[in-house]
Number of protein chains: 2
Amino acid sequence: MPVDFFDTHQEVLERAVAATAERGYWSPYSESPSPRAYGETAAQDGLAAFQALQGKPFALDQQGAQGQVGGEVSPYGPALGITYPRVPAATLVARAEAALDSWRDAGPRVWVGVALEILQRLNRRSFEIAHAVQHTTGQGFMMAFQAGGPHAQDRGLEAVAYAWQEMARIPGLVDWEKPQGKHDPIRMRKQFTVVPRGVALVIGCSTFPTWNGYPGLFASLATGNSVIVKPHPGAILPLAITVQVARQVLAEAGQDPDVVQLAAHAADDDTAQALALDPAVRLIDFTGSSAHGEWLESNARQAQVYAEKAGVNPVIIDSAADFKSVARNLAFSLTLYSGQMCTAPQNIYVPRDGIQTAEGRLSLDEVAQALAGALGKLSADAAKAVELTGAIQNAATLARIEQARGLGLPVVCDSRSLAHPQFESAVVRTPLLLRAEAGDPSLEREWFGPIAFLVAVDSTAQAIELAQSSVRRHGALSMSAYTSDDGVAQALRRAAERAGVSLSLNLTGPVFVNQTAAFSDFHGTGANPAANAALSDSAYVANRYRVVQTRWHA
Amino acid sequence: MPVDFFDTHQEVLERAVAATAERGYWSPYSESPSPRAYGETAAQDGLAAFQALQGKPFALDQQGAQGQVGGEVSPYGPALGITYPRVPAATLVARAEAALDSWRDAGPRVWVGVALEILQRLNRRSFEIAHAVQHTTGQGFMMAFQAGGPHAQDRGLEAVAYAWQEMARIPGLVDWEKPQGKHDPIRMRKQFTVVPRGVALVIGCSTFPTWNGYPGLFASLATGNSVIVKPHPGAILPLAITVQVARQVLAEAGQDPDVVQLAAHAADDDTAQALALDPAVRLIDFTGSSAHGEWLESNARQAQVYAEKAGVNPVIIDSAADFKSVARNLAFSLTLYSGQMCTAPQNIYVPRDGIQTAEGRLSLDEVAQALAGALGKLSADAAKAVELTGAIQNAATLARIEQARGLGLPVVCDSRSLAHPQFESAVVRTPLLLRAEAGDPSLEREWFGPIAFLVAVDSTAQAIELAQSSVRRHGALSMSAYTSDDGVAQALRRAAERAGVSLSLNLTGPVFVNQTAAFSDFHGTGANPAANAALSDSAYVANRYRVVQTRWHA
């Protein structure tokens, strides 16, 4: 008899549901890669497991494959040499539809139980996944472990918690009794059934394959849909491991493993389009460029599309108690994973006449120098710095740095190459910080990667206006501001709420604007062009299923 | 100081939230137009109020009007002679945007309190609204009272309850404390703010202006959006009264009355398109034809569109204990408001070799005769029948009856004209029931009005297959079936769940497939082409607002 995974995980589920309402700190998955949390041999076992995967076909027993595909090359140098079953889009959809037939009948308890068990097992493989994330995305190991492992699992669990909370409100069998005055009441019996939308598609990105992939995967799975996971051709492995775990759990639960399938494909073929346009595909979760996201929204009209696209994240500096800590915090945010994050700051607005600090007024030049100094300090020790910057994920990002340099804007701090002590062919770069005037056309687009602009503005009021207008037109996934003035703080909050972007105020410690904590911070708002949904909330899950009722006289 | 309407109505709100989860019978608004529920003079006062409205400009103090518009003619004969301020689309949107600025800051308690007070006052004007609905839609008085008054108010309250439930889960100010081992924890404070999408548009229909209009109006209003209500030019009055009440309550609450505006306009002008395509309009609720609904979905891409469109509602007759009661129930459903309901049955599938009943087998001809008999009986007494049929709302529906007659299909029961004892120029028609073979192309579209088809099929299995396929392709808002066989009932339920349509099984008493009860029955599923949303559920409200957070170190 299949295991009841719901029972096993009910406690963590209930705690997760409570956490989404309380929004204080909570996580069931340790973000510390310590032996205490993961076991004495977890680190070495994970590394060995990752090494054992290389240079051979990945063990995934998907039917209907026509050969193998895969050409991942680690941004740290080595080609991974792993191949994956290449299953045609039409076959994947047909198998997903076939698997849906019994999966839909299993019902919310099974859907949620299976999802929770998958997350639990992914957690146990966090080290192996960390190496897989590191060597596909170029993230440093610690970020690959945390963001690719426990934090991604948190976001997956969060989506399951929202899904369960909404579905749990749908009663099964209900008696309906309508009084008729002196006559007998009318008695009806009603059965309410949660039904999935159909086949779901998750389109992964190359920088955060698990963190950005899990919310959609688990939201769709936990609401009864079958899911096709289409990784970016440059970052297949982390999602292949995920799909492998999912299929094992499904099989143990007595379900068809094809409820979750991997759609590995070659770069630049038409697999993504073929899948997205298939009439059976009813849900699409996408993370990537605005062009691709908008194409999906315009063309995949048969599906609900949840899209996270490009944004231009503003920073506003009005005043600060201690600008050193501001510069340190900002420099970290710019350097972290070389700005290859949808939440990394880009346009830093500073009044032309400088800012007030506790130690007196700082001119715009002094602000620039302090930022350049903080950036320099962070990369002074290359061996330490590379753990923070990671490696550049792809050639387009590298070319973008050169393109930015070619703008002819004054350089506040140039991008430098760092030698990686462990991986000599890794391309490691520090941030490029340019100086621009308000209104410069270069500020009107996303420069994904380690590229930022110090923007001279007439006043804080103009900065707020420009930032608000930019968020409305180009979108943003984060907004950060520094001020010691309560009135300015109010104005900033008002602008953020009107533009529809979350605001981080006066971050000077160990919290960074690029980072959000599951169960507390929403990632994205769904209220500006950067994303049409937030991770996670009721709206993110409630339309992935529908309710169909049957009624009859009791 | 403005009144706190939330406090006043908190109890009914909490009861409503509970009712949406329990889904048993509940309503705070009496559906009986009795003096006990509404007061001794309510009936005559309501009639007098309605009569006093006729032949003059409607009292609505909207600014920016350019003259008056309005040419409603009662389907029972008389022109109403009422005019309404004609405000250009751009002015309506500009005023809605201006009103939004303070309304959004009022917050969920005020939004919900105002919505609940509006509903309460609408309830008190139920008789006046009933006459307004009767003399715009052509409904009989009792239906106009119930569906146009308390039942519409129920659906409005239901949407408010869902909105409140979702918004109430968003905490205001939260402390977030992340442990750091031996070190001090990281402490952040976070403020979560519910922000509205923007300007909402409600596009009303000519047959159920309040019942189909209230869910969108109240869902958008209760989530902080400003709302432009655009009635059908043939059924303005019921929504004009609604907007009048809303503006009074807003003013008393110290809010800008322009949070709710009426967009009365002339038939066939471009007001609807201009409003729908305005970039500031972010939410649209629509009830009407598939062509218009699909136009909105394709063109008003800046907005979330909740659309209820056409459908083809199937009935499957497999077997019955007592076919007389089946025929009576079905005849009632076909006759009620002359089938001018999105939930009225259209294609009635019956096996060619007849059906099993407790009194033996009935041939297809006998089934047809029984249905014709029941239809005839219902309209035998014209004075009684007209209360059931109401009047034909518009000429297109009348023409459609002729078009159906012209199909050349055998007539099971012809449509007859009835003389209305009170309104001699009312156009009153009984249902036309035609006989068709499975596969007849006439079955592949909606015949809105008193037009239905008795469809001969090879077997119940074929009937289920045809119904399921029809729902998938053309949509349906209801599905009804009769069977005494548990296996067939299971197959029917399975088909309904897969096609995404609610099923009514063996209705033979005083419950009809065209009717749904708020707080228990979902209206529509959002899972087939007839509607992309259900009235009401979490998905219907959760994306009408977003959450924006601000975080800072505590």
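Remember, it's a predicted structure, so these values are computed and weren't measured experimentally.

Undergrad: Run through the pattern of salt bridges, naming residues and quoting values.
TA: Residue and element names in this part refer to chain A. Scanning the model with the defined rule gives 64 salt bridges over all chains in all. With a closest N to O distance of 2.9 Å, Arg-493 and Glu-497 form a salt bridge. Taken together, the residues span about one helical turn, with Arg-493 and Glu-497 both in helix H18 (residues 486–499) at a distance of four residues. Taken together, the shared-partner salt bridges connect Asp-61, Arg-95, Arg-247 and Asp-258 into one network.

Undergrad: Before we move on, can you summarise the nonpolar core with the specific residues and values?
TA: Counting residues in each nonpolar core, the largest one holds 178 residues, and the members touching the most others are Leu-237 of chain A together with Leu-237 of chain B. Residues in contact with Leu-237 of chain B, not counting those within four places in the same chain, are Phe-50, Leu-53, Phe-58, Glu-72, Leu-80, Ile-82, Tyr-84, Ala-132 and Thr-136 of chain B. Counting 34 residues, the second-largest nonpolar core is a separate cluster that includes Val-315, Ile-348, Ala-456 and Val-513 of chain B.

Undergrad: Describe the layout of surface pockets, naming the residues involved and giving the relevant values.
TA: For the second largest pocket, the calculated volume is near 1400 Å³. If you trace the second largest pocket, you find 46 residues lining it, with Glu-31, Gln-146, His-151 and Gln-515 of chain A together with Lys-178 of chain B closest to the centre. Residue assignment for the lining of the second largest pocket shows that the elements contributing at least two residues are helix H7 (141–148), helix H8 (150–168) and helix H15 (382–389) of chain A together with strand E3 (173–180) and strand E4 (183–196) of chain B. Here the lining of the second largest pocket is composed, by residue class, of 23 nonpolar, 14 polar and nine charged.

Undergrad: Break down the sheet that holds strand E15 (residues 411–413) of chain B for me, citing the residues and quoting the values.
TA: Strand pairing in a sheet is mediated by backbone hydrogen bonds. Such pairs are either parallel or antiparallel. The strand order across the open sheet built from 10 strands is E3(A)-E4(A)-E22(A)-E21(B)-E20(B)-E10(B)-E12(B)-E19(B)-E18(B)-E15(B), with neighbouring strands paired in mixed fashion. Of all strands in the sheet, those with a lone pairing partner are strand E3 (173–180) of chain A together with E15 of chain B, marking the two edges. Averaged over all adjacent pairs, the angle separating strand axes in this sheet is 25°, with direction ignored. As judged from the two bridges shared by E15 of chain B and strand E18 (residues 432–437) of chain B, these two strands associate in the antiparallel manner. Along E18 of chain B, the bridge assignment pairs Val-411 of chain B with Leu-434 of chain B.

Undergrad: An account of the packing of helix H5 (residues 108–124) of chain B against helix H8 (residues 150–168) of chain B is requested, with residue identities and associated values reported.
TA: All names here are of chain B. Across the interface, H5 lies against H8 with an axial gap of 10 Å and an inter-helix angle of 170°. Relative to H8, H5 is oriented roughly antiparallel. Where H5 crosses over H8, the two elements pack in a sense that is left-handed. Each of Pro-108, Arg-109, Trp-111, Val-112, Ala-115, Leu-116, Leu-119, Leu-122 and Asn-123 in H5 lies in contact with H8, whose residues at this interface are Gln-153, Gly-156, Leu-157, Val-160, Trp-164 and Met-167.

Undergrad: Tell me what's going on with the sheet that holds strand E8 (residues 281–287) of chain A, and back it up with residues and numbers.
TA: Residues and elements named next belong to chain A. Across the sheet, five strands lie side by side as E7-E6-E5-E8-E9; this open sheet has parallel pairing. The sheet is open, and its two edges are formed by strand E7 (260–262) and strand E9 (304–308), each paired on a single side. When strand polarity is set aside, the average angle formed by the axes of neighbouring strands in this sheet is 15°. Direction of pairing for strand E5 (residues 199–203) relative to E8: parallel, over a ladder of five bridges. Opposite Leu-201, over in E8, you have Ile-284 as the bridge partner. Packed onto the sheet, helix H12 (residues 290–299) meets E5, E8 and E9 and runs at close to 165° relative to E8.

Undergrad: Help me get a handle on the interface of chain A and chain B, residues and values and all.
TA: Facing the 77 residues of chain A at the interface are 77 residues of chain B. For the pair chain A and chain B, the summed buried surface comes to about 6100 Å²; carbon and sulfur atoms form 47% of the total. Contact with chain B buries surface across chain A, with Tyr-25, Arg-169 and Arg-551 of chain A losing the most and accounting together for 13% of the total. The tally of links between chain A and chain B comes to 16 salt bridges.

Conventions we followed
- Residues numbered from 1 in each chain as written.
- Chains lettered and ligands numbered in written order.
- Predicted model: local features only at pLDDT ≥ 70, side-chain atom pairs only at ≥ 80, totals over all residues.
- Heavy atoms only, no water.
- Salt bridge = Lys/Arg side-chain N within 4 Å of Asp/Glu carboxyl O.
- Helix = DSSP H or I, 4+ residues; strand = E, 2+ residues; numbered from the N terminus.
- Core = buried A, V, L, I, M, F, W, Y, C linked by side-chain atoms within 4.5 Å.
- Buried < 20%, exposed > 50% of the residue type's maximum accessible area, 1.4 Å probe, protein only.
- Contact = heavy atoms within 4.5 Å.
- 1 Å grid on protein atoms, 1.4 Å probe; cavity = no way out; pocket = protein on both sides within 12 Å on 5 of 7 lines; lining within 4 Å.
- Points joined across faces, edges and corners; volume = space filled by probe spheres on them.
- Nonpolar A, V, L, I, M, F, W, Y, C, P; charged D, E, K, R; others polar.
- Pairing = 2+ DSSP bridges.
- Axes fitted to C-alpha atoms, helices over the stretch in contact; angles between N-to-C directions.
- Parallel < 35°, antiparallel > 145°, perpendicular 65-115°, else oblique.
- Left-handed = near helix turned anticlockwise from the far one by under 90°.
- Buried area = accessible area lost by both parts, 1.4 Å probe.

Remember, this is a structural readout, not a statement about activity or role.
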